[in-house]
Structures are given as structure tokens and as C-alpha cells.
Amino acid sequence: MTPEEFRVLYEYDAWANHRLLDAAKALTQEQFTRDMGSSFPSVRDTLAHIMGGQWIWLERWQGRTPTKLPAVEDFPDLPSLRKRWAEIEADLLTFVRGLTAERIAAVSEYKTLTAGTFQSSLGQMLQHLVNHGTYHRGQVTTLLRQLGAKSASTDLSLFYRERAAAAAR
Amino acid sequence: MTPEEILELYDFNAWANQRVFDACAALTPEQFTRPIVSSFPSVRDTLVHIVSGEWIWFQLWLGRAPSLAGLQTYSDEFTDLASVRAGWAELEKERRRFLDALTPADLERVIEYRSRRGNQCVYLLRRMLQHVVNHSTYHRGQLITLLRQLGATPRATDYLRYFDWLAGQPED
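Report follows, based on the coordinates. (Residues numbered from 1 in each chain as written. Chains lettered and ligands numbered in written order. Predicted model: local features only at pLDDT ≥ 70, side-chain atom pairs only at ≥ 80, totals over all residues.)

### Description of the overall build of chain A
The line we're drawing: Under the scheme used here, helices are H or I runs from DSSP no shorter than 4 residues and strands are E runs no shorter than 2 residues, and both carry numbers assigned from the N terminus. Radius of gyration here is computed from C-alpha atoms only, and the compact-globule reference equals 2.2 Å multiplied by the residue count raised to the power 0.38. The burial criterion counts other C-beta atoms lying within 10 Å of a residue's C-beta, which is placed from the backbone; the residue is buried at 20 or more, exposed at 12 or fewer, and partly exposed between these limits. We call two residues in contact whenever the C-beta atoms placed from their backbones are within 7 Å.
Helices and strands together make up the secondary structure of chain A, namely seven helices and two strands. Since a compact globule built from 169 residues should have a radius of gyration of about 15 Å, the 16 Å found for chain A is in line with a globular shape. Per-residue burial over chain A gives 36% buried out of 169 residues. The contacts in chain A between residues at least 6 apart in sequence include a share of 68% that link residues at least 24 apart.

If you want it as C-alpha cells, here you go:
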């Protein structure tokens, strides 16, 4: 993947997260943190996991070895989560916009929280993180629907169409 | 994206789909089709949506434009897990031949078609290729939620986990 392809993919990722965060506004505070029996108990916890994944990978890409994810209790409601997420998203997009082909191909080591030390190219890690976000966005959509809220389409094809339409204007 | 990167992405997708099929094997037939609120109303319907989605996009790459009725006929064959697995395996085999033959120039090919909702759609092939895996990943996430709610314990299908699995690394 080229730096430009990753830039588009990460702009998609941010667009998709915003659409879900907007959809989550329909929930009450109780619904937002209700245990629904998913991979992470609640809508809040699943969203915080997507955001935490972004933070932890960006830390690793900047040469640090984080030992724990941000605590979900720090985000009691949607506005507090969005506020922290906006900072992480800005840092992540800045990083992705500065990518070079050499950097994408470079292999580095990282330590996971529980499973030890691994090696991957930055390109594989970048692909992983967007895939991770998409996977958990699917879960958020299921939980939103189970809570009676509407979700929003976050298809990559829709993102491409919206971008093409915006460019044509 | 290079043809090699596309193959890697679709190897991952095949591995992840097989993992969720395996996880679905733990369900009773009643659980497999039990109505649960999600984007699609059961485990079965979510699986069918993944496979049908992969199928319809593949048809477009081949220059075919299946009708809504064609999609329905294709989807109707998937009544149980065994038929879903068999249908997907057949698609995967055919698609693999297509992917193996891709050149860098093919990836820049523009594909135009009219969607089932009547919109004129224009995409680069490489973008459609990324879209389809992204789409399947999204609905795999939903399946895992449904499986957990039904009491099953599915295994991870993370992108990097696939490479660990390839390298024979232990899993958490």
C-alpha cells in the first residue's frame, strides 16, 4: 500500500467512527453503559476499545511500549469519550499523513499487553488497525440496534462515493 | 496496493471466514436461525449476507451485473451451515483464480455499474477489493457479538493474528 492509500483508508476510518459516534447520541446514559454481552460489555466499552486500539498502536509506532489501555471509567459519557478521541484521531492522522514508502515497508518489533513480542511491517500494522476498527464498529451497530437506536452505514464503498461526489462539486 | 498485498488480504479473509464458520458449528440449528436483533436478523442471515456480499462484488469484477432476483436465488441456497460453507468454498476457489491472475494494471481498472438502488457506481478495482474485505470484517464483528450472546466462545479474527497463526505462534 502506498502512503496515499493509507491516508485515504485512515480518513475513511475517522469518517466511519464519527458516523457511529453521532448515532450513539440517541442512547440514554444508562443504555450507553448497559452490559449487552458482546466482546466488550457495552456500547461505551466497545467504542473505548476502538479508540484505545488507535492510541496503543500509535504509541508503538512512535517507539513507546504502552502497558495498558486507557481505562473505560475515564469516559463515563459520550462527550468525554469524544473529547479524548478527537485528540487521538488528530495525532493518528498527523502520523499517517507523514508516512513514506520506506517507513511502511520497515519491520519493527512490538510488545502486546499479554502475548509477548512480535514483529510486523508498519504496513501490516496499519492494515490491522483499520480492520480492527471496522470489526468492532460492526459490533457497535448490532448493540445500537438492540437498544432501539438507528445506526449509520459505514461501508467503505459509501465513503468512496461521498468523496467522489464532494470532489466533483 | 500490489497484487501480492491483495492476495494477503484475501488469505486473511478466507482464514477469518473459516474461523467464524467453525465458531458457528457450536450452535444448535435453532440457535443458528433464532431471531436476534442486529443488521440482519440471525446468525444465519448475517453469514449469508457476508457470503452473498462477497459473491455479488465478485460478479461485478467479472463484468456481470446480477439482478436482485439473482442475488435472492443465490442466497436462498444457504439453509444451514454446511450449505454456507460449501457455497463460500466454491466462491473462494473461483475468486482465487481471478485474484492470482491480477496484474498491477488490473488493479487500476475502473469498474462502472448501476447499483440495485439505481445509482451509477464507479470504482477502481483495488478499492472494491479493499471494500469487500472491510465489509466482511464488519459483519464478522456482528456475528461474534451474536455468537457470544448465544453462549458460544468464538476465537479472534484479528488481521495480525492471521500472520501469527501462519508463523505457528501461540495465541492468547
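### Quick look at the pairing of strand S2 (residues 117-121) of chain A
Residues and elements named next belong to chain A. Condition: At least two bridges found by DSSP between two strands is the condition for calling them paired.
In this sheet, S2 lies alongside strand S1 (residues 107-111) in antiparallel orientation, the contact comprising five bridges. Looking across to S2, one finds that Lys 111 is bridged to Thr 117. Following S1, the chain reverses through five residues before pairing antiparallel with S2; Gly 116 in that reversal takes a positive phi of roughly 105°.

### Considerations on the packing of helix H1 (residues 3-23) of chain A against helix H6 (residues 122-146) of chain A
All names here are of chain A. What counts here: Inter-axis angles, ranging from 0 to 180 degrees, are taken between N-to-C directions of lines fitted to C-alpha atoms, where helices are fitted over the stretch in contact. The cut-offs work like this: below 35 degrees is roughly parallel, past 145 is roughly antiparallel, 65 to 115 is roughly perpendicular, and the gaps in between are oblique. Handedness of a crossing is defined here by the sense of rotation of the near helix relative to the far one, left-handed for an anticlockwise turn of less than a right angle and right-handed for a clockwise turn.
With their axes 11 Å apart at the nearest point, H1 and H6 run at an angle of 20° to one another. Relative to H6, the element H1 is oriented roughly parallel. By crossing handedness, the relation of H1 to H6 is classed as left-handed. Across the interface between the two elements, Phe 6, Leu 9, Tyr 10, Asp 13, Ala 16, Asn 17, Leu 20 and Ala 23 of H1 pack against Leu 126, Val 130, Gly 133, Arg 137, Val 140 and Leu 144 of H6.

### Points about the interface of chain B and chain A
Put simply, the rule is: Just so you know the grouping, Ala, Val, Leu, Ile, Met, Phe, Trp, Tyr, Cys and Pro go in nonpolar, Asp, Glu, Lys and Arg go in charged, and all remaining residues, Gly too, go in polar.
Facing the 27 residues of chain B at the interface are 29 residues of chain A. For the side of chain B that touches chain A, the secondary-structure elements that each account for two or more residues are helix H7 (125-149) and helix H8 (159-166) of chain B. Of all the elements, H7(B) adds the most residues to the side of chain B that touches chain A, at 15 residues. Counted by class, the side of chain B that touches chain A contains eight nonpolar, twelve polar and seven charged residues.

### Thoughts on the nonpolar core
Put simply, the rule reads: By definition, a nonpolar core groups buried Ala, Val, Leu, Ile, Met, Phe, Trp, Tyr and Cys residues that are joined through C-beta atoms within 7 Å.
Counting 65 residues, the largest nonpolar core has Ala24(A), Val43(A), Leu47(A), Leu47(B), Val51(B) and Leu143(B) as the members making the most contacts within it. Contact partners of Leu47(B), with chain neighbours within four places excluded, come to Cys24(B), Val84(B) and Leu143(B).

### Considerations on the environment of Tyr74(B)
Residues and elements named next belong to chain B. With respect to the helices, strands and loops of the structure, Tyr 74 is situated in helix H4 (residues 68-76). The exposure class of Tyr 74 is partly exposed, given the 18 C-beta atoms found within 10 Å. For the pair Tyr 74 and Phe 40, spaced 34 residues apart in the sequence, the C-alpha separation amounts to 17 Å. With near-sequence residues (within four places) excluded, Tyr 74 lies in contact with Ser 52 and Trp 55.

### Some thoughts on the environment of Ala156(B)
With respect to the element layout, Ala156(B) can be found in the loop between H7 and H8. Sequence-wise, Ala156(B) and Ile144(B) are twelve residues apart; in three dimensions their C-alpha atoms are separated by 9.1 Å.

### Section: the packing of helix H3 (residues 43-61) of chain B against H4(B)
Residues and elements named next belong to chain B. Packing of H3 against H4 brings their axes to within 10 Å, and their N-to-C directions diverge by 135°. By the criterion of interaxial angle, the relationship of H3 to H4 is oblique. Note on packing geometry: the crossing formed by H3 with H4 is right-handed. On H4, the residues touching Val 48, Ser 52, Trp 55 and Ile 56 of H3 are Leu 71, Tyr 74 and Ser 75. For the contact of H3 with H4, a count of residues per class yields five nonpolar, two polar and no charged.

### Here we look at the environment of Gly37(A)
Note on placement: Gly37(A) falls in the loop between helix H2 (29-32) and helix H3 (43-61). C-alpha of Gly37(A) to C-alpha of Ile104(A): the two residues are 67 residues apart in sequence and 37 Å apart in space. Sequence-distant contacts of Gly37(A), that is, excluding residues within four places in its chain, are made with Arg148(B) and Gln149(B).

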